[in-house]
Structures are given as C-alpha cells and as structure tokens.
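# Residue-level structure breakdown
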Amino acid sequence: MLETISFKLNNKPVQVRTDPKRMLLWVLRTDLHQTGTKFGCGEAYCGACTVLVEGVAVRSCFTRVSRVRNKEVTTIEGLAQDGKLHPVQQAFVDHDALQCGFCTPGMILTAVALLKDNPHPTREEIIAGMNDNFCRCAAHTRIVDAIQEAAAKMKGNA
Amino acid sequence: MNPQDYLLLDFQDIHSLPEPAPDDPTLPALPECSPDSQPGPGTGLRRRDFLGRLGGGIIIFVSLTDLVRAAQEQRPRGRGRRGRGGTPSDFNAFLHIAGDGHVTCFTGKIEMGQGPITSLPQMLADELDAPLASVDIVMGDTARCPWDMGTFGSMTTRFFGPLLRAAAAEARSVLLELASESLKVPPSQLVASEGVIWDREDKSRRVTYGQLTKGRRIQKRLQGRPTLKTPDDFKIVGKPLLRRDSPDKVTGKAQYSGDIRLPGMLYASILRPPAHGAQLKSVDTNPCEQVEGARVVREGDLIAVLHELPDVAKATLEKVKTEWNVPKPTVDDKTIFDHLLKAAPQGRTVAQGGDLEEGEKAAAKQVDSSYLNSYVAHAPMETHTALAHLENGRMTVWASTQNPFGAQREIAGAIGFPPENVRVITPFVGGGFGGKTQNSQAVEAARLAKAVGKPVQVCRTREEEFFLDTFRPAAIVRIKSGIDGQGKIVFWDYDVAFAGERGAVQFYSIPNHRTTARPSGWTSDAHPFATGAWRAPGNNTNTFARESHIDMMAAAAGIDPIEFRLKNLTDAKMIRVLKTAADRFGWTSAKSPSKRGYGVACGIDSGTWVAAIAEVAVDAKSGRVQVKRVVAAQDMGLVINPEGARIQMEGCITMGLGYALSEEVHFQGGKILDTNFDTYELPLFSWLPNIETALIDSKEPPQGGGEPAIVVMGAVVANAIHDATGARLFQLPMTPERLQAAIAKLPA
Ligand code: FES
Ligand code: FES
C-alpha cells in the first residue's frame, strides 16, 4: 500500500513514503513536521488547514496526498521570501488581523489565492471569497481591511 | 523556546509551596466562574528555587495579598460588580532584570488571543521606564511562573495589572537608588527613561539599567504599595500598539500544543460513548491488531488507540466494535425549558429595594414576559489538545488550557503524582472563551503517556470537541414590571434560572425592585451534559432579557427606546455611554416599531459599561436577518491599549452575532447531534456589519475588555428586529424559523 510520493514543498523537493490515501494535512504536520497548517474541523468546513497547490487554495484535511504528486505545495511556512513577509502577511500584522492566530495561516493563504485570481477585489468580493474560512475570535473586520490593503500595495503583482 | 529547551530546566528544584494562609474572610469570595470549587494549594515554585535559577540581576516579587489589596483599593465604586480574587499563594508575580538590562516578567496567565502578551509588557515597560523592546513575558508555565488561578473573567488587566505595575515601580526605585550611589547624586535629582538614568543637571552623567544590574544579585519582596504613575505620566500605556505575537502567528512559527513534536511520540484516539450517560456493554478491539504500529491501551475507563500517525490512530479506532447501553432520552433541545423550569434550583435575592406591591399599585401598565436561551458551544478553532511526556518520574504536559495550575493539579491527582512532579506548559492557545478551563485532554494525555512510557498527544476531533464541551447553559428569565403614566418604571421583579447572577442586577433607577438569581447549574445534574463558563458567563442571558424587556416597556409607553432609557437612568456612566453611542449612530427619536430596523441595548460586565446600537435588515419571507451596522460605546476606565481594546470589542460584536442568530446546540438526551460546523453555525464574513467603536476617555482604573461588548448583542439585535418588523423574539438564537413564526403571528 505504501507509495513514494514526491512533490515540491515551499520550493524544496520532498519525498514521503506513505499510504497515498492519507490526507495531506497529516502528512504535512506529522511526517514533514510542518505544523503551521492547522487542524480545525477535519471535514473541509473551516479552512484552518488551507494550503496552496499550484497556487490554488485547497483544504489539506480533505486532499489526499496522492493528489499533490509532482505538484507545488505552499504552506504558511513558505510564504515569506528571503525573510521578507508576503504583503498579505505584512498587512495582517499591520492591521492586527488576528487574535489567537489559529485560523490565520488558512486565512492568509486563502487571501493570497484570492488576490491571485482577482488582484483588485471590492470589499464585497473579499467577503465572498473568504466566507468559508472561520474565525472564532471574530477578527473578521480586520482581516477584510488587511486583505484590502494588501491588494492595494501589491498593485496586481500577485 | 523549543520543547527540548523546556525540558532542560531541572525539576529538582521544584517543591510544593507551604500551605496557603487560610482564606482571609475580608477578601472577596472566589468568582462564580472559577474553574474550581475550591482554591487548591499553590503548587508553583518556592521563591528561593525560582530565584536561584534566574542567576544574577534584580528580582522583584509580589504576593497575592498585595494583589488583592491593590485590587480592592483600585476597584471603583458602583453597582453591578462582584468581588473577585482570593487565591492562595506565597507570591504571584515576578519581574527579573538581567545583567544586560533585559526585563522578563513571569505570569501564570496565558495568551489565547485576548492580548496580554502585548498589554502586560506595555504596562510594565511604562511603569519601569524601560524600552518596550527590552521586556519579555513568560506565560503559563507551572515550573517558571508563580501560581495563578487561571485566565478568565476579564481579570488579567484589572487584577494582575496593578500587581505587575507595583513590581515594576519597586524595581524602578531600586534602580534609582543604585544609580544614586553610582552617580553620587540624590535620587530626587535623577531622571529615568527608556532604560537609562541620568543626572538632571548634567545629562552626560548617565547609567543604563544593564550597567546598574550587572554583577549584582538583588532580591526584593515588595512590602506595602509603591507609588504608581498616574495616567498623565504614561508614555506607552494608552497608545495603540500592534500585537507582539503577530509576526510568529502569520508565518506559522507560533507553536500551539498540537505543534510540539518529541521523538517517539504517539497520537491517541480515544473511544467515546455515543451519548452522555451511555454505559459500555462490550468492546472488541481485535480488529485493530491488523493495523501495523497500532497499540490499544485500556487504562481504567479509558480505551484508546495509539499510533505514530494521528490519522491512522483515528482510522484504527473506528474499527473497534462496541455495544452501549444508551439511556432513553427524556429531554431534547425543544423540551428542555419545561424540564429546566421544574428543575430550577432555589434562588437568592441579589438586589432588592422599595416595595413590589406598592409598585404594582402605582403601575398604569404592566409588562410581563419570559426569555429563553439555548445551549451554546465554545467551539474554539483549536480543539482541546495536549502532549504529555514522562521522564525520570516527572510528567511534562503541553496543554491548551486557560488554567495551567488547575491542569497541573488535575493531572497529578489522576496519575497519582505529587503536583510538584507535574509540569504544565502552555504554548499559544487557539481560543478558549471559558471552555479551556476544563482540562480533560491534558489528564488523558498524561494517563496514556504514563501507561505506555512514551510521549502521547491527545487532540480532540471536532466531534469530540462538541461532545465534551462545557456548554453555556440554557436558561430562563422571567420578568414582571410596570410603568406609570409618564413612562417611569415603577416596579421590576426579575427571576433568572440557570444563568447565575452576573449581569442580573438591573442598573435603572426603579423605586421598587427585586432580583432573584438561581445558579447556573454548572455542577448540578439538571442539564443533560456538562455546562460551564462561556465568554461573559450569565451576562449574555441576563442582558438579553433585561434589555429586551426595557424595550417592551418603552413600546408600551409609546416612547423612543433611548429616551425611555434616559428617562429611567441616573447612572452617569451609563447615560454617557448611551448618549455617546446614540450620537455616533446618528439616532433620531421614534417609537418602536419604526420600521427603520434600529435597536439599542446597554449592559455592564467586568467593571465596564457598554451601550450598543444596531441596524438590521430583515427578510420577512426567509426570516433571515442581516445586521448592517453596530455602533458600540464603552467605558472601561483607563484604556491600556486602545487598539487591543477595540479589537476585543469588534470580536465581541462579531462573535455575539452567533449566539444571537444561529448558535445553538442540538441534542436528544445525552446525545449531541452537532458534530461539526455544518449544523452548528458560526458567524461568517458575510454576516459582518459595519462596526464602529467608541472608547470613553477615563482616568479611572482599567477594567475588563474581553467580554463586555458581547453581552449586549442578543438584545440589540432582538430590539432592532422588533423595530424592523414589530415581531418580538423571546428566545435565543433568533433563527429564521423562529423569526418566521413570530412574524406569522403578527396581526395583519
Ligand atoms: S481542518 Fe480542513 S477545513 Fe477545517
Ligand atoms: S484569530 Fe482565533 S480563530 Fe481567528
């Protein structure tokens, strides 16, 4: 049953030998010790486990590891480049767009994918695009503000 | 710090504290929301052990007695507040200035999003005249921090704050004395700022805190109360300041309990009953044996599957065959209120004045009604998680908990260790809201780690999180009241069952009144499952009932609801927050229902006065409510970090939409029907109103900010719905079905 699966994680090639049916979330967190990706519900409701696969936001708790074979996976640990925060990360810091921070990695990666698809979203489009990510601390207002500012700063350079 | 570093700390020097002094009868009683019915013995460190470990520098420690005294002296007078504090221990806060000028404070409080990781160093730096960047904080580690009762009840700023400031003020005066010796200048001629002390007359004669501290070893217990700065002297407090933990939280570096990795660790999946009260008839774990690496552990009532991969542990547990005796359900989420009315415990009169009979006679109109609210879950995004590691007879547990010292005691009891051999470390906590004062996951992890001799992680699934939660209790409020011909409230008879007294006492000026509070029943078996403290416990229920009822009376009197409130208020703080909110909102007078969809509500919680006004749009056909705008004004005394305070208000308002509109636990007897977020609906981005917050400028002692603004959300939405439609909802949450039903009952 075990297979060797290779993919790129945060720009580095990785290989895991595991059951291909396992969910990416657990492979990332356990096998690869990348714990920035969070478990919130395990059934694709909350978005805490969001990662980017080829730039698209996916719920890693509901994505089999076999699906990322030879693909490019980005987790929250890989978003900052050369020690510089991604504009969305920076905007979350500048707007205090978090409290406990547990939803934050999923929020940021969802927002990064959203801005890639739609570099100049309206406030309503941001709200619609983020609607399936849950934040129990209710930092919603500031998350929307942060994404709006990040969009303005990125000027379309997703 | 990484986990290995934590473990390097030697357990050898941990001993139990001397027996705490017997409770001082003059001290306020433990708050009702205490996670423990009795304050256990402190099991923190002995002073000398702790001091020894820190090495050189200046150490100031402060005792709880000082804390309580400080709290009592600083507590403002007024209504609606109860005594708090009263925990045992020898000392409760430390502050250490190292030889390089670096300042560290140690606290048993924890960071779960509410922000003390930023606000406590801010207070400390200001009082000490040290640069904020030089101040660090160590939180929630039972081996490094002094005993603490737990992080709840909005007490961190109010009661821990003064203590920490006192320690800082004492440290500052020690530094000034040292500088006076070294510079040969009387202390009165010295100026301290940003970690440097200089001679007022000759600025070149200066010395840094680091230089003064280096090579010394000064330990001081604070005696008496040092003079604290007045708000006018603050340079850092009162200024907006961004969270200090954000950089780690946006990069995935921040570690929560589930993120700690130890060599050889195993992940546990624990067998749970299908319903509370179910008895295990038979269990067959044989099918698990085919799974490589899976290990079944039976330890008393605990049956768990352990594996080095958490998902495999879970899948393996699903192979276990069980038979249960499930008791026949006698109540469900619909019939629960009848049951609770019968089971309601004896009440206590918590406020009384005038003569109710006289009041009834004076009433031109009487308004009576009852208010209900359902069970509500805490549902933090991080489920209860813990990692336990047994080494050399000592148990270390990383736990998502709101009370690490309570967890330490529970774990010690469960595994038969003396508390001093149990260390609880609290990494970042992914939300608590009261639910993480319950620590069963930490106890389970420790029991399993002890059973298998390897580190074991327990991380609840979302289904377990709902099943094992201590829900906010369903509650019932009954109010009888009357107004005279001029719109003055002449009597008020209030009876609350299962929410307790927090927020029960009304603050209007009513000549004849009585408030009866029956307990929340957290520890009774009236509820079919466990209940407990939920953000601002009791007050959400009480404020929903009181402020809905005030609106009913305003409507009966034919008076605008804000005018009606002002007519019946003499409390200057409440009048001020209400007027501030009304001004900001742009309120114009109209009696309800005005069809505008405007609502108002006032409340007091944790020493903070709050008023909110909302605008809603109601789709009468679907019964859906969109809250479009919320303006909230708050008087919370001196505001330590205005940015932090606003964030907490916004969080309260947004989170409060959940219990107002959708959140309710569905159940049949002890079976919890909600297993995930499909049926248990949290507030979403698309619900987001425009939120405007106003903080009243005040120099009074700082009050709680993490809870107050949530208490008004039920009533402010209910009143706005009534204003929009004429329909009055008496039960939370105000779901589309309930609203449709209420609208259908309106006269055509
Ligand atoms: S954990 Fe994957 S969506 Fe919630
Ligand atoms: S910040 Fe706590 S869940 Fe979003």
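Structure shown above.
Here's what I pulled together on the structure shown here.

Before going further, it helps to spend a moment on the sheet that holds strand β16 (residues 385-391) of chain B. All names here are of chain B. The strand order across the open sheet built from seven strands is β11-β12-β9-β19-β16-β17-β18, with neighbouring strands paired in mixed fashion. Edge positions in the sheet fall to β11 (295-299) and β18 (422-425), since each has one partner strand and no second. The average angle at which neighbouring strand axes cross in this sheet is 25 degrees, direction not considered. Sheet topology note: the β11/strand β12 (residues 302-307) ladder contains five bridges and is antiparallel. Bridge pairing links Arg-298 to Ile-303 in β12. Against the sheet, helix α11 (residues 404-415) engages β17 (394-399) and β18, with an angle of about 145 degrees to β18. Packed on one face of the sheet, helix α12 (residues 440-452) meets β9 (266-270), β11, β12, β16, β17 and β19 (456-459) and runs near 35 degrees to β16.

Many analyses report the size of an interface as the accessible area lost when the parts associate. With 58 residues of chain B at the interface, the matching set in chain A holds 46 residues. Surface buried jointly by chain B and chain A totals about 4400 Å² across both partners, of which 61% is contributed by carbon and sulfur atoms. Seen at the junction of chain B and chain A, the total is six salt bridges. For Arg142(A), the salt bridge goes to Glu643(B), with nearest N and O atoms at 2.6 Å. Scanning the region where chain B abuts chain A turns up 24 residue pairs in polar contact (both at pLDDT 80 or more). Of all the secondary-structure elements, those providing two or more residues to the side of chain B that touches chain A are α7 (246-251), α8 (310-317) and α17 (642-661) of chain B. By residue number, the principal contributor to the side of chain B that touches chain A is α17(B), which donates eight residues. Here the side of chain B that touches chain A is composed, by residue class, of 28 nonpolar, 15 polar and 15 charged.

With that settled, consider the pattern of salt bridges. Residues and elements named next belong to chain B. Evaluated as defined, the whole model comprises 42 salt bridges over all chains. When the shortest N-O distance is used, the salt bridge between Arg-546 and Glu-547 registers 2.9 Å. Here Glu-547 falls in the buried class, since its relative accessible area comes to 0%. Here the salt bridges do not stand alone but share partners, grouping Glu-111, Arg-243, Asp-245 and Lys-249 into one network.

Below, the discussion takes up unusual backbone geometry. Residue and element names in this part refer to chain B. Pro-593 follows Ser-592 through a cis peptide bond whose omega is 5 degrees. Tracing the backbone shows Pro-593 in the loop between α16 (572-585) and β23 (598-605). Following Leu-732, the chain continues to Pro-733 via a peptide bond in cis, the omega torsion being -5 degrees. Tracing the chain through its elements places Pro-733 in the loop between β29 (731-732) and α19 (736-744). We note that Ala-379 has phi near 45 degrees; this positive angle belongs to a residue other than glycine. For Ala-379, the position within the fold is in the loop between β15 (365-373) and β16. For Lys-595, which is not a glycine, the phi torsion comes out positive at approximately 75 degrees. By relative accessible area, Lys-595 is classed as exposed at 60%.

Cut-offs and rules
- The numbering scheme is per chain: residues are counted from 1 as the chain's sequence reads.
- Chains carry letters from A onward and ligands carry numbers from 1 onward, assigned in written order.
- It should be noted that, the model being predicted, local features are given only for residues of pLDDT at least 70 and side-chain atom pairs only at 80 or more, the latter also being counted only at that level, while totals for whole chains, interfaces and linings use all residues.
- Hydrogens and waters are ignored; side-chain quantities use all the structure's heavy atoms.
- Strand pairing is defined by DSSP finding a minimum of two bridges between the two strands.
- The way it works is that DSSP assigns letters per residue, a run of H or I at least four long becomes a helix, a run of E at least two long becomes a strand, and they are numbered from the N terminus.
- Lines fitted to the C-alpha atoms define the axes, with helices restricted to the stretch that makes contact. Angles between their N-to-C directions range from 0 to 180 degrees.
- Contacts are residue-level and defined by heavy atoms, with any inter-residue pair within 4.5 Å sufficient.
- Accessible surface is computed with a 1.4 Å probe, and the buried area is the amount of it that two parts give up when combined, taken over both parts together.
- Salt bridges are identified by distance alone: a Lys or Arg side-chain nitrogen within 4 Å of an Asp or Glu carboxyl oxygen.
- We call two N or O atoms a polar contact when they sit within 3.5 Å, provided that within protein one can donate a hydrogen and the other can accept it, with sequence-adjacent residues counted only if both atoms are side-chain atoms.
- Under this grouping Gly is polar, as are all residues other than the nonpolar Ala, Val, Leu, Ile, Met, Phe, Trp, Tyr, Cys and Pro and the charged Asp, Glu, Lys and Arg.
- Only protein chains enter the calculation, and the probe is 1.4 Å; a residue is then buried if its accessible area is under 20% of its type maximum, exposed if over 50%, and partly exposed in between.

Any functional reading would require information that these geometric values do not contain.
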